[in-house]
Amino acid sequence: MLVYHPIYDSYHCIFRILCILHDIQQVDIEVDLIRILDFYVLFPSRLKNIKLPQAYISYKKIFKQIPDPYENLPIDIKLLDSLKEIQNIAIKTLAAQNIIDKQTYLEKNKIIFFHKNISQNISSIILNSKIRQQDWYSVLIEKISLIKFYGSNGLKDRTSLLEYQYDSV
């Protein structure tokens with residue numbers, strides 16, 4: 001039996017990353033931050049597992065409303081690890097298309113998004129995306145993405161998705 005899941009679809013990943021890049025306020029974005037945000041766009045029910053700062057506790061109500069998936073999925077860190085290769089392909093594709101700055105990506109492992117290099121059709125599809133209309137997505141992009149990224153109590157620590165203990169803070 002053939003089963004489709006967007007975790008294995010590089011085009012779906014490109015679309016998710018484009019939505020994130022379109023909406024995020026930062027100029028040069030850590031690749032690992034994009035990976036984490038993409039993970040939560042793909043698996044929004046996993047937002048319940050984030051240890052939120054005290055100021056963001058009210059958003060837990062929004063996350064609790066997200067239904068759990070029917071499928072039985074592995075733990076978060078294994079999911080992110082299995083998603084890594086598809087995310088790398090998606091980011092390299094965006095760099096090859098000059099939608100993100102290739103040099104910044106290769107040298108600094110950061111992403112600079114070129115809004116002007118997105119066609120009007122793609123931009124329209126992004127703007128009308130159902131993902132972007134979700135309350136949890138707004139919280140993810142507008143609040144959670146702004147939590148400091150490195151060190152203890154940083155986003156890597158709060159999500160338990162990436163190692164943070166050896167970060168230079």
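Residues numbered from 1 in each chain as written. Predicted model: local features only at pLDDT ≥ 70, side-chain atom pairs only at ≥ 80, totals over all residues. Heavy atoms only, no water.

1. A short note on the packing of aromatic side chains
So, step 1. Overall, the coordinates contain five aromatic pairs when judged by the stated rule.
So, step 2. Centre to centre, the rings of Tyr56 and Tyr59 are 5.8 Å apart; their planes meet at 70°, and the pair counts as edge-to-face. You'll find Tyr56 and Tyr59 in the same group, each marked buried.
So, step 3. An aromatic cluster is built from Phe39, Tyr40 and Phe43, whose rings are joined through pairwise contacts. (Phe/Tyr/Trp six-rings, centres within 6.5 Å; stacked < 30°, edge-to-face > 60°. Buried < 20%, exposed > 50% of the residue type's maximum accessible area, 1.4 Å probe, protein only.)

2. With respect to the environment of Asp68
So, step 1. Among the secondary structure elements, Asp68 is positioned in the loop between α3 (60-64) and α4 (76-96).
So, step 2. Here Asp68 falls in the exposed class, since its relative accessible area comes to 54%.
So, step 3. Between the C-alpha atom of Asp68 and that of Phe43, which follows or precedes it by 25 residues, the distance is 9.2 Å.
So, step 4. Apart from residues lying up to four places away in sequence, Asp68 is in contact with Ser45 and Lys48.
So, step 5. Separated by 2.9 Å, the side chains of Asp68 and Lys48 make a polar contact. (Helix = DSSP H or I, 4+ residues; strand = E, 2+ residues; numbered from the N terminus. Contact = heavy atoms within 4.5 Å. Polar contact = N/O pair within 3.5 Å; in protein donor to acceptor, adjacent residues only side chain to side chain.)

3. Section: the nonpolar core
So, step 1. Counting 54 residues, the largest nonpolar core has Leu21, Leu47, Phe63, Trp136 and Ile144 as its most contacted members.
So, step 2. For this core, the elements supplying multiple residues, two or more each, are α1 (10-23), α2 (31-42), α4 and α7 (135-142).
So, step 3. No other element matches α2, which puts nine residues into this core.
So, step 4. Those residues in contact with Leu21, other than ones at most four positions away along the chain, are Ile29, Ile34, Leu94, Ile100, Ile111, Phe113 and His115. (Core = buried A, V, L, I, M, F, W, Y, C linked by side-chain atoms within 4.5 Å.)

4. As for the side chain of Asp157
So, step 1. Note on placement: Asp157 falls in helix α8 (residues 155-159).
So, step 2. For Asp157, a relative accessible area of 11% puts it in the buried group.
So, step 3. At 2.8 Å, the side chain of Asp157 and the backbone nitrogen of Asn153 are in polar contact.

Function cannot be read off these values alone, since they describe shape.
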